[in-house]
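The residues making up each chain are set out below.
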Amino acid sequence: MSTTPEDSRGIGTDEWVAQHGERAQRGTGLYARIGEAWMGLPSLVRWGIPLLLVVLVPFAGSNDYILRIGINLGLFLLLALGLNLVVGYSGLLDLGFIAFYGFGAYAYAALASEQFGLHLPSLLAIVIVVVTTAAFGFTLGLPSRRLTGDYLAIATLFFGQMFVVLMVSSDAVQFPWMDEPMDLTGGANGISNVDQLSVLGFTFDSNLSYYLLLIVLVVLATVATKRIHFSRHGLAWRSLGEDSLAAQHMTIPTVRLKLLAFTLGAGIAGLAGAIFASVQQGVYPSTFELPLLITIYAAIILGGLGSIPGVLLGAAIMTILPELLRFPEYSNWLFLVVLIVGTIMYLKSWKLV
């Protein structure tokens, strides 16, 4: 015996109200149909198409400028994914995140340059940098046990600003057991002549090699973040971000999760810093100031906190858009495109949104 939709309704249930969420999620118009068609594709295809386009960029031309933008984008994507773990998932307003990036860069420069006469193998140096930066993140996360919201933001901002000041002023540090002051960071001039990465006998000595390396690292970081997103820790982090008090009453170990978020985020930022130091073959304190932190936050907010595809898209926009605006011909076309899209979005009667 077949049942009609009317027979399937529960007692006292308004079918229109029950289906409202489904209708709102389904959407109407051209954009909704395009979105449904895209989301209907297998996950491997949806992630594979952008990855294929990125891999094919070097073969579209031998322009080092484009490869340099790609390298900057890869570093920015790693930073955005790391910060998304702390802010997007756990809801911790960490304004000292950029200090981890700088710490990783300076740590690699200290281990692989003439600053202290050390030239450790690249893999060993990177492992030391990631572990040390993660420990630094754990230490910075300790105040989160007692501080939340604006208070945590102020405390972490202090650490971030203090890092830049220390890097500038640590070019003449007097230790009690030494007769003359020691140059730790190179001061405002930074550390130069940093060793390039060398793995298993292969030296990354070109923009193309670093570009391909960053593609691999971003893919690995994205896969790991996606796995975390659907894991028990990911669910607990998102619960913590939504309401820490409710999560605590549900017996979720909030303190441990906060420290873990700070640690993992710092480790990813330290890895990005080590790659940055080897690409630039030098580190300079002006690189790790507040404007870069604001740009990373803008990227993850633009893409949507906690959304992995959104964070990647937001980071891409915040990296590529300023480069396009450097050229008048590109900026004119960009202004025209924004004007047309804005007009379409405004004219509701067109039924395109």
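Residues numbered from 1 in each chain as written. Predicted model: local features only at pLDDT ≥ 70, side-chain atom pairs only at ≥ 80, totals over all residues. Heavy atoms only, no water.

**Focus on the environment of Val216**
Right, on to step 1. With respect to the helices and strands, the residue Val216 is situated in helix α10 (residues 207-229).
Right, on to step 2. Owing to a relative accessible area of 46%, Val216 belongs among the partly exposed residues under this scheme.
Right, on to step 3. Sequence separation between Val216 and Gly74 is 142 residues; the distance between their C-alpha atoms is 9.6 Å. (Helix = DSSP H or I, 4+ residues; strand = E, 2+ residues; numbered from the N terminus. Buried < 20%, exposed > 50% of the residue type's maximum accessible area, 1.4 Å probe, protein only.)

**A look at the packing of helix α7 (residues 97-111) against helix α13 (residues 254-280)**
Right, on to step 1. α13 packs onto α7 with a crossing angle of 45° between their chain directions and a minimal axis gap of 7 Å. Relative to α13, the element α7 is oriented oblique. Relative to α13, α7 is oriented so that their crossing is right-handed. Two secondary-structure elements touch here, α7 through Phe97, Phe100, Tyr101, Gly104, Ala105 and Tyr108 and α13 through Gly265, Ala266, Ala269, Gly270, Ala272, Gly273, Ala274, Phe276, Ala277 and Ser278.
Right, on to step 2. The class makeup of the residues in the contact of α7 with α13 is eleven nonpolar, five polar and no charged. (Axes fitted to C-alpha atoms, helices over the stretch in contact; angles between N-to-C directions. Parallel < 35°, antiparallel > 145°, perpendicular 65-115°, else oblique. Left-handed = near helix turned anticlockwise from the far one by under 90°. Contact = heavy atoms within 4.5 Å. Nonpolar A, V, L, I, M, F, W, Y, C, P; charged D, E, K, R; others polar.)

**Points about unusual backbone geometry**
Right, on to step 1. Here the phi dihedral of Leu200 falls at roughly 55°; this positive angle occurs in a residue that is not glycine.
Right, on to step 2. Within the secondary structure layout, Leu200 lies in the loop between β4 (198-199) and β5 (202-203).
Right, on to step 3. The class of Leu200 is exposed, set by a relative accessible area of 83%.
Right, on to step 4. Backbone geometry at Gln281 places phi at a positive 55°, although glycine is not the residue there.
Right, on to step 5. In this fold, Gln281 is placed in the loop between α13 and β6 (282-283).

**Overview of the packing of aromatic side chains**
Right, on to step 1. Following the criterion strictly, the structure yields twelve aromatic pairs and no others.
Right, on to step 2. Between the aromatic rings of Tyr101 and Phe276, the centroid separation amounts to 5.6 Å while the plane-to-plane angle is 50°, which identifies the pairing as tilted. With a gap of 175 residues between them, Tyr101 in helix α7 and Phe276 in helix α13 connect regions that are remote in the sequence.
Right, on to step 3. By relative accessible area, which is 4% here, Tyr101 ends up buried.
Right, on to step 4. Overall, Phe276 belongs to the buried group, its relative accessible area being 10%. (Phe/Tyr/Trp six-rings, centres within 6.5 Å; stacked < 30°, edge-to-face > 60°.)

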